[in-house]
Amino acid sequence: MSHFLDRLRYFKKVQETFSDGHGITTDDDRQWEDAYRNRWRFDKVVRSTHGVNCTGGCSWKIFVKNGLVAYEMQQTDYPRTREDLPNHEPRGCQRGASFSWYLYSPHRIKYPLMRGRLMDLYRAERAEGKDPVEAWEAIQSDPEKRKRYTAVRGLGGFVRSDWEEVTEVIAAANVYTIKKWGPDRIYGFSPIPAMSMISYAAGSRYLSLIGGACGSFYDWYCDLPAASPQVWGEQTDVPESADWYNSKYLIICGANLPMTRTPDAHFAIESRYNGTKVVSMAPDYAEYVKFADLWMPVRQGTDSAAFMCMAHVALREFHIDKQDPYFTEYARTYTDMPMQVMLRKDGDRYISDRFLRASDFDNSLGEKNNPEWKTIVYDAKTGSFVCPNGSVGFRWGEEGKWNLLPKNSADQSEIEAELSCIENRDDVVPVAFPHFTPDEDDTLIRNIPVRKLNINGKEVLVTSVFDMMIAQYGIDRGLGDNLATSYDDASVPYTPAWGEKITGVKAADLERTGREFADNASKTRGKSMVIMGAAINHWYHNDMGYRSIMNMLHICGCVGQSGGGWAHYVGQEKLRPQAGWAPIAFALDWHRPPRHMNSTTYWYFHTDQWRYEKVEADGVLASTAKAKYKGYQLCDYNVVSQRLGWLPSAPHFNKNPMDIVADAEKSGATDEAGVASYMVDQLKSGDLAFAAEDIDAPENHPRNLFVWRANLLGCSAKGHEYFLKHLVGAQNGVMQEGIEGKNSKEIKWREKSPVGKLDLMVDINFRLNSTGAYSDIILPTATWYEKADLNTTDMHPFIHPLGKAVDPAWESKSDWQIFRSIAKRFSELAETHLGTRKDVVALPMQHDSPMALAQPLGQVKDWKRGECEPVPGKTLPLLKVVERDYPNTYKKYSSLGPLMNKLGNNIKGLDWNTDLEI
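Values in this document were obtained by computation on a predicted structure and should not be read as measured data.

Enquirer: Talk me through the overall build of the protein; I want residue IDs and the actual numbers.
Expert: A tally of regular secondary structure across the protein gives 29 helices and 31 strands. Taken over C-alpha atoms, the radius of gyration comes to 31 Å for the protein, in line with the 29 Å a tight globule of 918 residues would show. Dimensions along the principal axes, computed over C-alpha positions, put the protein at roughly 105 × 100 × 60 Å. Here the protein holds 918 residues, and 57% of them are scored as buried. At a minimum sequence separation of 6, the contacts of the protein that also span at least 24 residues come to 72%. Accessible surface for the protein amounts to roughly 38,600 Å². Of this, 51% is attributable to carbon and sulfur atoms. The protein carries 109 positive and 121 negative side-chain charges, and their two centres are separated by 3 Å.

Enquirer: Pulling in residues and values, what's your account of the environment of glycine 92?
Expert: Mapped onto the elements, glycine 92 comes out in the loop between strand 5 (68-74) and helix 3 (100-103). For glycine 92, a relative accessible area of 17% translates into the label buried. Among residues more than four places away in sequence, those in contact with glycine 92 are Cys58, Trp60, Gln74, Thr262 and Pro263.

Enquirer: Any chance you could break down a nonpolar patch on the surface for me, citing the residues and the numbers?
Expert: A contiguous nonpolar surface patch, about 300 Å² in accessible area, is contributed by Leu68, Tyr104 and Trp810. Residue placement: leucine 68 occurs in strand 5.

Enquirer: How would you explain the pairing of strand 24 (residues 760-765) if you had to name every residue and give the values?
Expert: Burial analysis of strand 24 places 6 of its 6 residues in the buried class, which makes it a mostly covered element. What you see with strand 24 is no split at all: Leu760, Val762 and Ile764 on one side and Met761, Asp763 and Asn765 on the other are buried throughout. Relative to strand 24, strand 23 (residues 704-708) is paired through 5 bridges, and the arrangement is parallel. Across the sheet, residue phenylalanine 706 finds its bridge partner in strand 24, namely valine 762. Pairing analysis gives 4 bridges linking strand 24 to strand 25 (residues 777-780), with the strands arranged parallel. Among the inter-strand pairings, valine 762 is bridged to a residue of strand 25, identified as isoleucine 777.

Enquirer: Break down the environment of arginine 39 for me, with residues and values.
Expert: With respect to the secondary-structure elements, arginine 39 resides in helix 2 (residues 33-39). Sequence spacing of arginine 39 and alanine 70 is 31 residues, and the spatial spacing of their C-alpha atoms is 7.5 Å.

Enquirer: Which residues make up helix 15 (residues 496-503), and what values do they have?
Expert: Buried within helix 15 we find Pro496, Ala497, Trp498, Gly499 and Thr503. Elements in contact with the buried residues of helix 15: helix 12 (303-320) and helix 16 (507-524). Backbone geometry just after helix 15 places glycine 504 at a positive phi near 85°.

Enquirer: Describe the sheet that holds strand 23, naming the residues involved and giving the relevant values.
Expert: An order of 7-6-25-24-23-8-9-22 is seen for the 8 strands of this open sheet, with the pairing classed as mixed. Edge positions in the sheet fall to strand 7 (158-160) and strand 22 (595-597), since each of these pairs with one other strand and no more. When strand polarity is set aside, the average angle formed by the axes of neighbouring strands in this sheet is 20°. The pairing of strand 8 (residues 186-189) with strand 9 (residues 213-215) spans 2 bridges and is parallel.

Enquirer: I'd like a rundown of the packing of aromatic side chains, residues and numbers included.
Expert: The tally for this structure, following the rule as stated, stands at 49 aromatic pairs. Pairing tyrosine 604 with phenylalanine 605 gives two aromatic rings, centres 6.1 Å apart and planes at 40°, and the pair type is tilted. The same class applies to tyrosine 604 as to phenylalanine 605, namely buried. Feature note: the residues Tyr200, Tyr206, Phe217, Trp581, Phe586, Phe706, Trp708, Phe819, Phe826 and Tyr886 constitute an aromatic cluster, connected by ring pairs. Sitting above the plane of the tyrosine 111 ring, arginine 160 keeps its charged end 3.5 Å from the centroid. The ring of tryptophan 163 carries lysine 813 above its face, with NZ or CZ at 4.5 Å from the centroid.

Enquirer: Describe helix 8 (residues 197-210), with residues and values.
Expert: A rise of 1.5 Å per residue sets the reference length of helix 8, with its 14 residues, at 20 Å; its end C-alpha atoms lie 20 Å apart and thus fit the reference within 8%. Buried residues dominate helix 8, accounting for 13 of its 14 residues. Downstream of helix 8 by a residue or two, glycine 211 has a phi angle that is positive, lying close to 95°.

Enquirer: Go over the pattern of salt bridges, please, and point to the residues and values.
Expert: Oppositely charged side chains are able to pair whenever their charged atoms sit close together. Inspection of the entire model under this criterion finds 62 salt bridges. Close ionic contact of glutamate 693 with arginine 643 constitutes a salt bridge, the shortest N to O distance being 3.6 Å. In this pair, glutamate 693 is assigned in the loop between helix 23 (672-685) and strand 23 and arginine 643 in helix 21 (residues 634-643), connecting sequence segments 50 residues apart. With a relative accessible area of 10%, glutamate 693 lands in the buried category. Classification of arginine 643 as buried rests on a relative accessible area of 1%. The partner of aspartate 694 in a salt bridge is arginine 750, and the shortest N-O contact between them spans 2.8 Å. Residue aspartate 694 is located in the loop between helix 23 and strand 23, and its partner arginine 750 is located in the loop between helix 25 (720-728) and strand 24; the two are separated by 56 residues in the primary sequence. Judged by relative accessible area, which is 26%, arginine 750 ranks as partly exposed. Connected through shared salt-bridge partners, Asp608, Arg611, Asp696, Lys725, Glu737 and Lys757 make up one network.

Enquirer: Now, about the packing of helix 8 against helix 27 (residues 815-833): what can you tell me, with residues and values included?
Expert: Running from N to C, helix 8 and helix 27 cross one another at 20°; their axes reach a closest spacing of 7 Å. Regarding the angle of helix 8 to helix 27, the classification is roughly parallel. For the element pair helix 8 and helix 27, the recorded crossing hand is left-handed. Across from Ile198, Ser199, Ala201, Ala202, Gly203, Arg205, Tyr206 and Ile210 in helix 8, the residues of helix 27 making contact are Asp815, Trp816, Phe819, Ile822, Ala823 and Phe826. Split into classes, the residues belonging to the contact of helix 8 with helix 27 amount to 10 nonpolar, 2 polar and 2 charged.

Enquirer: Run through the sheet that holds strand 18 (residues 443-455), naming residues and quoting values.
Expert: Taken in spatial order, the 5 strands line up as 13-14-17-18-19 and close into a barrel, and their pairing is mixed. With direction set aside, neighbouring strand axes in the sheet form an average angle of 55°.

Enquirer: Help me get a handle on unusual backbone geometry, residues and values and all.
Expert: A cis amide bond links glutamate 89 to the next residue, proline 90, at an omega of 0°. On the secondary structure map, proline 90 appears in the loop between strand 5 and helix 3. The linkage connecting arginine 592 with the following residue, proline 593, adopts the cis geometry, with an omega of 0°. In this structure, proline 593 sits in the loop between helix 19 (578-585) and strand 22. In this model, asparagine 363 sits at a positive phi of 60°, which is unusual for a non-glycine residue. Structurally, the position occupied by asparagine 363 is in the loop between strand 14 (349-355) and strand 15 (377-379). The class of asparagine 363 is exposed, set by a relative accessible area of 63%. Despite not being glycine, arginine 525 has its phi angle at roughly 60°, a positive value. As for its position among the elements, arginine 525 is in the loop between helix 16 and strand 20 (528-532).

Enquirer: Can you break down the packing of helix 4 (residues 116-127) against helix 6 (residues 143-150) residue by residue, with the values?
Expert: The geometry of helix 4 relative to helix 6 is characterised by a closest axis approach of 8 Å and an angle of 145° between their N-to-C directions. Between helix 4, through Arg117, Leu118, Leu121 and Glu125, and helix 6, the contact on the second element is made entirely by Lys145, Arg148 and Tyr149.

Enquirer: Account for the side chain of serine 228, naming residues and giving values.
Expert: For serine 228, the position within the fold is in helix 9 (residues 227-232). Look at serine 228 and you get buried, because its relative accessible area is 0%. The residues touching serine 228, leaving out its near neighbours within four places in the chain, are Gly233, Glu234, Gln235, Thr236, Met550 and Trp566.

Enquirer: Can you lay out the side chain of threonine 607 for me, pointing to particular residues and giving the numbers?
Expert: In this structure, threonine 607 sits in the loop between helix 20 (599-606) and helix 21. Within the structure, the side chain of threonine 607 is placed 3.0 Å from the side chain of glutamine 609, a separation counted as a polar contact. Here threonine 607 is in contact with Tyr722, Phe723, His726 and Leu727, once residues within four sequence places are set aside.

Conventions used here
- Residues numbered from 1 in each chain as written.
- Predicted model: local features only at pLDDT ≥ 70, side-chain atom pairs only at ≥ 80, totals over all residues.
- Heavy atoms only, no water.
- Helix = DSSP H or I, 4+ residues; strand = E, 2+ residues; numbered from the N terminus.
- Rg over C-alpha atoms; globule rule 2.2 N^0.38 Å.
- Buried < 20%, exposed > 50% of the residue type's maximum accessible area, 1.4 Å probe, protein only.
- Contact = heavy atoms within 4.5 Å.
- Areas by Shrake-Rupley, 256 points an atom, 1.4 Å probe, with all protein chains shown as cover.
- Lys, Arg positive; Asp, Glu negative; His and termini not counted.
- Charge placed at Lys NZ, Arg CZ, Asp CG, Glu CD.
- Patch = residues over 30% accessible without salt bridge, like charges linked within 9 Å, V, L, I, M, F, W, Y side chains within 5 Å.
- Salt bridge = Lys/Arg side-chain N within 4 Å of Asp/Glu carboxyl O.
- Pairing = 2+ DSSP bridges.
- Axes fitted to C-alpha atoms, helices over the stretch in contact; angles between N-to-C directions.
- Phe/Tyr/Trp six-rings, centres within 6.5 Å; stacked < 30°, edge-to-face > 60°.
- Lys NZ or Arg CZ within 6 Å of the ring centre and 35° of its normal.
- Expected span 1.5 Å × (residues − 1).
- Parallel < 35°, antiparallel > 145°, perpendicular 65-115°, else oblique.
- Left-handed = near helix turned anticlockwise from the far one by under 90°.
- Nonpolar A, V, L, I, M, F, W, Y, C, P; charged D, E, K, R; others polar.
- Polar contact = N/O pair within 3.5 Å; in protein donor to acceptor, adjacent residues only side chain to side chain.

Right under this line is the structure:
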């Protein structure tokens, strides 16, 4: 109003002029400018970042004013890592500059919430004088009471509660579930830890202490490149983004760098200043295409065909027409190309079988330690088969030979591993290879040079991986099979002309790129790189697509070279301080082993999607397979894998694991070996069974579910409607009962499928998303700017702290505070209802351990079929007894346990003493 009156007072706005009339002086009030000035004033700046699964992992400055987050800006103080690399900064994007709005969003969960019907039921039982566990038992024992709240999940009805009540309900549910069904009926799901590793550890530590199962994540939302462990035995070991700059030839496919790798894209773009050639493979004109020298508009899902064709050119020109010295030496030293493979007779053709092993020879070539796990090469220097250093058989039981030195293990003499026997072959035989291109034969018959061996009085044909590879890629070597002598032959799979039909990319582009990629790798010793990501990884046969890329990288000597190899990025996979973090996250300082479960199998079974499965396993079976389990469904393979100890299981068995131990001790077991022996007998007799063999039985249902740092139902519930029906029990879009699962050979069929298996679902979140909407209890957690945490990524070497810029808003708490409070109430209730109990964990055979040598020579023996005895750690999971002092769960949660001193630490199969650190 005052401004309006001022305007009435002054009929002459201009007081005076200056600069020859170009400027004027007025009497206007300019206080309005203070609003803008105040908007950008602040009291302090705190370093933090975003605990979201973004590979950027950028550090941010959080500006705080009057106890509130005012705005954020990217940090610009990254240290330089190498003088010959560009700076990592500026890092950040528009997406990161908007998070402060979340803190004060109307979607923010302000108070603990409980489904109203559940609250009424619980309070009514408590009013009758029952303690919390008894009250929960009364609800679960009455189907009508239970259905009263489970049937309305997803329909709203939340009521404000308080922290004391919600922690009591959760703790009571956990105690009752452990007592009635077993701790492995409690499950926790949270995405990849690297994005906020302390918050992840908050829940996983609690679950591990009480014996609950922690679910996997990377495989569940299909970010795990399965080809990586298949080929290398390593999950995802990739270079950071700065190494793109060192590359001299880049192929980018399935990773839209400017869009999804915004803070790192500049390394790829700046590499062009070094003369790097960039090839983009994309069906559409994506953002990264504009930075490329060549755009190959490949049809969706055909990337593997394109790389097979490019590798065809690289093999032909750099391994056959001429032998590139660098490629040849790399193949001998770092790949399995010289390894000898036995061929199996199949009618009038042969099929590749298993590797030739030291154990196949008289006296095992002098190898006494694990000879059946030591592969063989042909030494061109001595003209004999030898056992070289480095195969997995050398890893355990002896020292000094688990390396890649080109030496004969027997006497450590230098060898020259032969790649091909074509010049010194004993014969040429037809070999069948599986082929998966629609409208083409399902096998390719190729002539391959072989040597003949006499093993145990029987003639055996062997050849090298290299000879098989050359044949499968369709390269003619004059062996009478009339393969491709020209790149223009479109009738032979994997020629550039054939690739044009499949991929839509010009044959000339495939030929040129394959040649240039290999030529660059030859001249730079492997500095050719492929950057890939979700767009090709999220396909049904992603392993085939990735392995076609890996083959090309091996052929060109790129893997393991700076500026070369593969670069897969989907999410923040790299947990850099893993060795120090894991003991805290999984309570390894108190109990070993923890319970882990692969979520893909878990959800497939417990949401009953196996009942609706229309994909027949035989339909994806290679035509050359032995097909021992022919007729099995996809779910059956999972059950067999759990039974043989290849996959984890949750729940483990159809009985409470604590009751199993108690029964074993009643039968005379006095130690872990006695318990395992009792369980083996029970499994053989059928009195004990794996839960997966009758997955829909009530005793095998999951009962309590924790979801934190995730939107399980909204973002990653593949088969969303099945989650809603069978797991949650809510309204859903499932139109009819699944009947396909009736064909299962391993799972007991129940005509009526269960609905709403979960007794309790708890969502820990800072906003109300779809997972919270279907939960029974929602706990308000602190946002990323309201707690201390850590964040790392594959893309750079820095560990970013999440600094606590402001206090948690309303009644929210950090994840650590939430689970600690649950642990405290759990301990109090456990004093009366649980006490100290012994639990048995079915631990699957571990990677990077001697258990990798469980079943040699590719012979899978199944104890349930009578083919062998069930032996823990060989044909059965390890059976480990863990004593759980439940009343002291809170004290254990809050302190470091004695096993770090007693047993030390372990990562990737390496053990060390931690006295110094502690």
